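# Topology and contacts: notes
One letter stands for each residue in the lines below.
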Amino acid sequence: MAFKNALAALVLALPLVTGLRTKRTTCPDGVNTAINAACCNLFPVVQDITENLFENECGDGAHGALRLLFHDAIGISPTVGGGGADGSIAVFNETELTFHANTGIDDVLDALGPFLIKHSDKVSAGDFIQLAGAVSLVQCNGAPRIPFFFGRAPPKAASPPDLVPEPFDSVQKILQRFGELGFSAEEVVAVVGGSHSVAGADDVVPNLQGYV
């Protein structure tokens, strides 16, 4: 269950709700407020990626950010290791982009990379990827709103290979991969079906970019 929580938790909700703590802090910009003052640094990040990365729409930028969120987070296993949602797919991209399942992620990193670097003084690579994924869903009508949690440490190493399920894997293999992280079959259907309802693949079906 610990591995499932590590994968599913998207690390400081905006605002962070902890118990009965309800007093809000006014951020230095004089406009935004947060229950945890540490969240104030995130408002300009969210505004920047919403306007300049996603361009206020559920387009390729949002789809790519959601895919990147998953491909980074799934890189953890109780048997072979990995840091999960730690940003290793960006920091150790020379290794992880060689994994077949990550085909096409280089385009996503090309788009997100400048924003990740720009805001590296405010959020770690792992935090940025998860924040961008959470914000990407806000752009898509009908998509759920998910909490974001803040405070991931920098990654220590690349993810081990073969941890990202492939679209051509058998049902049994996919269920086994998710199962070792604590997911039930019903939860796998929800995760895979839900995420791909707002995503497009450019490299799975030849000559059919954006195929859903």
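This one's a predicted model, so the numbers in the text were calculated from it and none came from an experiment.

Procedures and definitions
- Residues numbered from 1 in each chain as written.
- Predicted model: local features only at pLDDT ≥ 70, side-chain atom pairs only at ≥ 80, totals over all residues.
- Heavy atoms only, no water.
- Disulfide = S-S within 2.5 Å.
- Helix = DSSP H or I, 4+ residues; strand = E, 2+ residues; numbered from the N terminus.
- Buried < 20%, exposed > 50% of the residue type's maximum accessible area, 1.4 Å probe, protein only.
- Axes fitted to C-alpha atoms, helices over the stretch in contact; angles between N-to-C directions.
- Parallel < 35°, antiparallel > 145°, perpendicular 65-115°, else oblique.
- Left-handed = near helix turned anticlockwise from the far one by under 90°.
- Contact = heavy atoms within 4.5 Å.
- Nonpolar A, V, L, I, M, F, W, Y, C, P; charged D, E, K, R; others polar.
- Polar contact = N/O pair within 3.5 Å; in protein donor to acceptor, adjacent residues only side chain to side chain.
- pLDDT = per-residue confidence, 0-100.
- Phe/Tyr/Trp six-rings, centres within 6.5 Å; stacked < 30°, edge-to-face > 60°.

## Some points on the state of the cysteines
- Within this structure, the stated rule accounts for two disulfides.
- Two residues, cysteine 27 and cysteine 40, share a disulfide whose sulfurs are 2.1 Å apart. Looking along the S-S bond of the cysteine 27-cysteine 40 disulfide, the torsion reads about -80°, which is the left-handed sense. Of this pair, cysteine 27 sits in the loop between β1 (25–26) and β2 (33–34) while cysteine 40 is found in the loop between β2 and α2 (42–53), placing the two residues 13 residues apart along the sequence.
- Classification of cysteine 40 by relative accessible area gives buried; the value is 11%.
- Each sulfur of the disulfide joining cysteine 58 and cysteine 140 lies 2.0 Å from the other. Taking the torsion about the S-S bond as the criterion, the cysteine 58 to cysteine 140 disulfide, at about 85°, is right-handed. On the criterion of sequence distance, the pair formed by cysteine 58 in the loop between α2 and α3 (60–73) and cysteine 140 in the loop between α7 (125–138) and α8 (171–179) is long-range, its members being 82 residues apart.
- Judged by relative accessible area, which is 31%, cysteine 58 ranks as partly exposed.
- Taking the relative accessible area as the measure of exposure, cysteine 140 reaches 4% and is therefore buried.
- Taken in sequence order, the bonded cysteines of the chain link in the pattern 1-2, 3-4.
- Cysteine 39 takes part in no disulfide bond, and the closest cysteine sulfur, belonging to cysteine 40, lies 7.3 Å away.

## Concerning the packing of α3 against α7
- For the pair α3 and α7, the least separation of the axes is 8 Å and the interaxial angle reads 140°. When the axis of α3 is compared with that of α7, the two are oblique. The interaxial crossing formed by α3 with α7 has left-handed handedness. Contacts from Ala62, Ala65, Leu66, Leu68, Leu69, Asp72 and Ala73 in α3 reach Ile129, Gln130, Ala132, Gly133, Ala134, Ser136 and Leu137 in α7.
- Residues belonging to the contact of α3 with α7 are distributed by class as follows: 10 nonpolar, three polar and one charged.

## Re the side chain of asparagine 36
- Among the structural elements, asparagine 36 can be located in the loop between β2 and α2.
- From its side chain, asparagine 36 meets the backbone nitrogen of alanine 38 in a polar contact 2.9 Å long.

## Regarding the confidence of the model for the chain
- Residues of the chain with pLDDT of at least 70 account for 83%, and the chain-wide mean is 86.
- By mean pLDDT, helix α1 (residues 2–8) is the weakest element of the chain at 40, and helix α4 (residues 88–91) is the strongest at 98.
- Every residue in residues 1–20 is under pLDDT 50, and counting partners more than four places away or in other chains gives 51 contacts.

## Brief notes about unusual backbone geometry
- For glutamate 55, which is not a glycine, the phi torsion comes out positive at approximately 55°.
- Looking at the element boundaries, glutamate 55 is found in the loop between α2 and α3.
- Under the relative-accessibility criterion, glutamate 55 is labelled exposed at 52%.
- One non-glycine residue, aspartate 162, lies in positive phi territory at about 65°.
- In this structure, aspartate 162 sits in the loop between α7 and α8.

## A look at the packing of aromatic side chains
- Tallied over the full model, the rule gives three aromatic pairs.
- Here phenylalanine 70 and phenylalanine 178 contribute two aromatic rings whose centre-to-centre distance is 6.0 Å and whose plane-to-plane angle is 20°, an arrangement assigned as stacked. On the criterion of sequence distance, the pair formed by phenylalanine 70 in helix α3 and phenylalanine 178 in helix α8 is long-range, its members being 108 residues apart.
- Both rings, one in phenylalanine 148 and one in phenylalanine 150, keep their centres 6.5 Å apart while their planes meet at 45°; by these two values the pair is tilted.

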